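Residue-level structure breakdown
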Amino acid sequence: MSLGCNCDSGLSNTGRPNCVPIQSVTSKLILVPLKANDGTLNSIDLSLPVPNWLDLVNELDASKRWFPLPAFENVELPKADTTFEEANSGRMVFIRQGKRSFAGELWSEDSSPTLLGKLQNNRCVDFGVFIVDVNGNLVGSKVNGFLFPIPVDNPSFDPKYMFATDTTTSKIMVAFDFDRLFDESTMYMVTPTEAGINFNELEGLVDVNFINTSETLTDITFDAVLDYGTAYNPIKFVGATSADFQLSDAGGILSPIMVTEYVDGTYTLSFAFSATMQYTITIIKTGFTGSYTWTA
Amino acid sequence: MKQDLSNIIHQIVLDIDNTIEGTFDDVLNRTNVCKTKWIRKGKKVTDSDGNEYVVADFVTDEWIVAVPVNVSAPPLEGIITIGVPYFITGTPISANREWTIVTNDVTAKTPIVWYLDFIRFKEFGRESTIEFESDLRIFFLDETDVRNYYTQDHRDNVVKPMTELVHGFIDSVERNRVFKRIEDFEILTFSRFGVEKENGMFQSILDADLSGVELRLMLVKYKENCKC
């Protein structure tokens, strides 16, 4: 433990092998809730084969999902000075290490105010981050055979929008402090070779909204749009097929369903619905999430 | 440096996204697209099933009219693949020789991405996360019609698409995080690619009628993981 001192041993051995993997410049962050709704801590079990990373991003349970942010620019991870108590004699006594902070910028197309709104909601969630460097390595906290996200002091999470100027593009400036009790000596990384994926390639899910819905006992028609776009014209969710939707009721998943896209972003789902029953249509297309519930 | 710079540039060229997405408009009988990239009239494109089409007309970043090579092929839509640039490296003399002998079919070896062989780079020591930085001169060239084109035609039909190819190259660099983000780059355009002599005679550098652009940029690459 590097935060205090270990009284059971002397000085630690300091040899090292020739090739030690070290992390490079921070490229992006993957936000992960610290604890899932079922009470388990979110982590990677290092005793098992590597997980399917895309499944983690597309996880239906949001409390277990990985939320990769776009690539950052101008990342800094400064550490505040350590606090000592100094006696009149000049003798210093270690009190605590300074906190580690993160500051980075999301530029141009990654700096939409819509994304800002989504980031601002994160402050209310206890979450941690996996750090991804420019080489695609994933850095987390290895404890007892598990790789955990590095805990963030979530009330300090502060995304800010910066308007474009004559010389600079628009930006979202993201800043936060790491949990002050985090032991940095527990940081280990998973390389792209081990993982089978460059972690820079992971992208977060896109929210899809159901609007202009019209329901009958034989079908439901709706427009599927994203949060992004212009004030008049949100970007349409186009090109989905029956396999990209899931229909369910209180009893579970219902099938088969037939979904047809008549014009771009306008879909009709056909099914023999029962009156007064509650149904939910969910988007299960890779990279997207969204659902709509109604009573037939 | 673990890999030769020319191989690194070649890989960036291979990683250029040469696809565009289109939807066919039955009424106007054309394929609507958001980007036309470096597409040109008379060049071939393919759809996701491998069907070939010849571009008959297009409006930049609006639509394409494409004629199928096989008349039974469906209208062009979906993921459309544009020709992959042909990469060469070397000095003017060696590049010209290698490019000339590879095939007689100019359409099969254009557009050209020519990395001028004046390779000089700066490496960094232990204190830096940077592996190297290098000033690059890369030419993006395509065939042109010297008999029938006016200067403006050269610019509209070749220089403009080749400028788009430069942007594809820059995008390929930006998508790969092992390269530092490019802050700025310089583009020099050539209505005719070659050397104009004092007596007005024009001499090509490569043995073909080409137009295009030159890209000058500083490429900076981070060090990668050590391999034991």
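Counting of residues starts from 1 at the beginning of each chain's written sequence and follows it residue by residue. Labels follow written order: the first chain is A, the first ligand is 1, and so on. Per-residue local features of the predicted model are confined to residues with pLDDT of at least 70, and side-chain atom pairs are confined, for both listing and counting, to 80 or more; whole-chain, interface and lining totals are unaffected and use all residues. Note: side-chain values were computed over all heavy atoms of the structure, leaving out hydrogens and water.

Residue and element names in this part refer to chain B. Note on placement: Val159 falls in helix 3 (residues 151-175). You can call Val159 buried: its relative accessible area is 3%. Along the backbone, Val159 and Val106 are 53 residues apart, and their C-alpha atoms lie at a distance of 17 Å. Contacts are residue-level and defined by heavy atoms, with any inter-residue pair within 4.5 Å sufficient. Sequence-distant contacts of Val159, that is, excluding residues within four places in its chain, are made with His154, Thr189, Phe190, Ser191, Gly212 and Val213. In this description a helix means any DSSP run of H or I spanning at least four residues, a strand means any run of E spanning at least two, and both kinds are numbered starting from the N terminus. Only protein chains enter the accessibility calculation, which uses a 1.4 Å probe; a residue whose area is less than 20% of its type maximum is buried, one above 50% is exposed, and one in between is partly exposed.

This next bit is on the nonpolar core. Grouped together as the largest cluster of nonpolar side chains are 42 residues, with contacts concentrated most on Ile9, Ile64, Leu136, Ile138, Phe140, Phe169 and Leu219 of chain B. Elements that contribute at least two residues to this core include exactly helix 1 (5-14), strand 4 (52-59), strand 5 (63-68), strand 8 (112-116), strand 10 (130-143), helix 3 and strand 14 (210-222) of chain B. Considering each element in turn, this core owes the most residues, 8 residues, to helix 3 of chain B. Looking at which domains feed residues into this core, each of domain 1 (2-14 + 85-222) and domain 2 (19-82) of chain B gives three or more. For Ile138 of chain B, the residues in contact, after removing those within four places along its chain, are Ile9, Val113, Trp114, Tyr115, Phe169, Val213, Glu214 and Leu215 of chain B. Leu31, Phe102, Phe127 and Val152 of chain A belong to the second largest nonpolar core, which has 22 residues in total. By convention a nonpolar core is built from buried Ala, Val, Leu, Ile, Met, Phe, Trp, Tyr and Cys residues, the set being connected through side-chain atoms within 4.5 Å. Each domain's extent was defined by an automatic or database domain assignment.

With that settled, the discussion passes to the domain arrangement of chain B. It is common to give the size of an interface as the accessible area that goes away when the parts come together. Residue and element names in this part refer to chain B. Entries for chain B in the domain assignment read domain 1 (2-14 + 85-222) and domain 2 (19-82). Taken residue by residue, the interface counts 12 residues in domain 1 and 6 residues in domain 2. Using a 1.4 Å probe, buried area is obtained as the accessible area two parts lose upon being combined, added over both of them. Between domain 1 and domain 2, a total of about 740 Å² is buried, with carbon and sulfur atoms accounting for 52% of that surface. For domain 1, the biggest contributors to the area lost against domain 2 are Asp142, Pro161 and Glu164; these three give 41% of the whole. Salt bridge, as used here: a side-chain nitrogen of Lys or Arg that lies within 4 Å of a carboxyl oxygen of Asp or Glu. Scanning the region where domain 1 abuts domain 2 turns up 3 salt bridges.

The next point concerns the layout of surface pockets. A cavity here means a set of 1 Å grid points, computed over protein atoms only, where a 1.4 Å probe fits but cannot escape. A pocket is an open set with protein on both sides within 12 Å along at least 5 of 7 lines, and lining residues have an atom within 4 Å of a point. Grid points are joined across faces, edges and corners, and a volume is the space filled by probe spheres set on the points. Counted as a void, the second largest pocket has a volume near 810 Å³. Lining the second largest pocket are 18 residues, and of these Ile235, Lys236 and Val238 of chain A together with Glu21 and Cys34 of chain B lie nearest its centre. Broken down by secondary-structure element, the contributors of at least two residues to the lining of the second largest pocket are strand 17 (234-236) of chain A together with strand 1 (19-25) and strand 2 (30-33) of chain B. Broken down by element, the residue count for the lining of the second largest pocket peaks at 3 residues, all from strand 1 of chain B. Asp, Glu, Lys and Arg are counted as charged, while Ala, Val, Leu, Ile, Met, Phe, Trp, Tyr, Cys and Pro are counted as nonpolar; the rest, among them Gly, fall into the polar class. The residue makeup of the lining of the second largest pocket, split by class, is 8 nonpolar, 5 polar and 5 charged.

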